[in-house]
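Residue-level listing of the chains:
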Amino acid sequence: MDQETRTHHAMAAVGGFFGVYALLIRGGTFGSSETSNLIYLVVSGLDGTWGPALVRLGGTACYIAGIVLAVLLRRAGKTARLRWGALGINLAACLGLARVPAETDPILALYPMFFATAVQWVAYSQAAGYNCATIFSTNNLRQFTEGTTEYLCSRNPEQLRKLVFYGGTLLCFHLGAAWGWWCVKRWGIPGIYGCLPLLVLPAVFLRAEGKNTAVPC
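Residues numbered from 1 in each chain as written. Predicted model: local features only at pLDDT ≥ 70, side-chain atom pairs only at ≥ 80, totals over all residues. Heavy atoms only, no water.

1. Examining helix H2 (residues 35–47)
For H2, spanning 13 residues, the distance from its first C-alpha to its last is 19 Å, which sits close to the expected 18 Å at 1.5 Å a residue. Considering only its buried residues, H2 is in contact with helix H3 (50–75) and helix H5 (106–109). At the C-terminal side of H2, Gly48 shows a positive phi close to 80 degrees. (Helix = DSSP H or I, 4+ residues; strand = E, 2+ residues; numbered from the N terminus. Expected span 1.5 Å × (residues − 1). Contact = heavy atoms within 4.5 Å.)

Below, the structure written as structure tokens:
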């Protein structure tokens, strides 16, 4: 397992924490993707409930803004800076989310998470030659199941490598979710601070990556 893969798996734990925190604290709203938010945005528009529609539109704008920022940094050849930036944005999101009152609209309350997870998605979407998200699990589950099935049928070493990579991502994501569940049950809204220690490990791995790729004088 190389440093990039270690960093990827560590960030998956952060993604799992964010996911369970949003679901448990903000009324079952998943703050790491836009699928349900966009569906409810359409429904709100069709129902003529423009207040909720505008709030959801703002959440979508935060998500899009995070992706745009990350892509621009990547296109500028600043991938390392993007990855460090994603950690910093996650840190800022944790600090902000801890201060949002419980009575706040769930979508509005998750604006920092929409932005942070969008940046994280772009910054940590590639490792070991695979396209793999660290903020949600549906495609990762498909890839893991597909790789396992292919390996059992063919004994192809590449399929074994694939299932180990995606299996590791799923494991780390749900370990992060389990830690998030414990923090939320114990501390409620301030439980988001429990994500801060999870940001240390990817920072350590990123630093090691930088040292390994440094060009000697």
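2. With respect to the packing of aromatic side chains
Enumeration according to the criterion identifies 8 aromatic pairs in this entry. Aromatic pair Trp179 and Trp182: ring centres 5.5 Å apart, planes at 10 degrees, arrangement stacked. With a gap of 3 residues between them, Trp179 and Trp182 both fall in helix H8 (residues 157–187), about one helical turn apart. Here the aromatic cluster, defined as three or more aromatic residues joined through ring pairs, consists of Tyr63, Phe114, Trp121 and Phe136. (Phe/Tyr/Trp six-rings, centres within 6.5 Å; stacked < 30°, edge-to-face > 60°.)

3. Overview of the pattern of salt bridges
Should the charged atoms of two oppositely charged side chains come close, the side chains can pair. On inspection of all chains with the given rule, the structure shows 5 salt bridges. Close ionic contact of Glu146 with Lys162 constitutes a salt bridge, the shortest N to O distance being 2.9 Å. Of this pair, Glu146 sits in helix H7 (residues 138–154) while Lys162 sits in helix H8; the two residues are 16 residues apart in sequence, bridging distant segments of the chain. Exposure remark for Glu146: the relative accessible area of 32% places this residue in the partly exposed category. In this structure, Arg161 engages Glu158 in a salt bridge whose closest nitrogen and oxygen atoms are separated by 3.4 Å. In this pair, Arg161 and Glu158 both sit in helix H8, 3 residues apart, roughly one turn of the helix. Arg161 gets classed as partly exposed once you look at its relative accessible area, which sits at 40%. (Salt bridge = Lys/Arg side-chain N within 4 Å of Asp/Glu carboxyl O. Buried < 20%, exposed > 50% of the residue type's maximum accessible area, 1.4 Å probe, protein only.)

4. Some thoughts on the nonpolar core
If you look at the biggest cluster of nonpolar residues, it comprises 39 residues, and the most contacted ones within it are Phe17, Phe18, Tyr21 and Ile192. Among the secondary structure elements, those contributing two or more residues to this core are helix H1 (3–25), H3, helix H4 (79–97), helix H6 (111–123), H8 and helix H9 (200–213). What Phe18 contacts, discounting residues up to four positions off in sequence, is Ser32, Asn90, Cys94, Met113, Ala116, Thr117, Ile192 and Cys195. Core analysis: the second largest hydrophobic core is formed by 6 residues, Ala128, Cys132, Phe165 and Tyr166 among them. (Core = buried A, V, L, I, M, F, W, Y, C linked by side-chain atoms within 4.5 Å.)

5. Concerning the environment of Ala65
Mapped onto the secondary structure, Ala65 falls in helix H3. Sequence spacing of Ala65 and Thr117 is 52 residues, and the spatial spacing of their C-alpha atoms is 11 Å.

6. As for the environment of Ser33
Position of Ser33 relative to the elements: it lies in the loop between H1 and H2. With 22 residues separating them along the chain, Ser33 and Val55 place their C-alpha atoms 16 Å apart. Each residue touching Ser33, except ones within four places of it in the same chain, is listed here: Tyr63, Phe114 and Phe136.

7. Re H4
With 19 residues, H4 ought to run about 27 Å at 1.5 Å a step, and its terminal C-alpha atoms sit 26 Å apart, in line with that. Of all the positions in H4, only Leu82, Arg83, Ala86, Leu87, Asn90, Ala93, Cys94 and Leu97 are classed as buried. All buried residues of H4 lie within an arc of 145 degrees about the axis, which places them on one face of the element. Across H4 from its buried face, at more than 90 degrees, point the exposed residues Ala80 and Arg81. (Arc of directions from axis to C-beta.)

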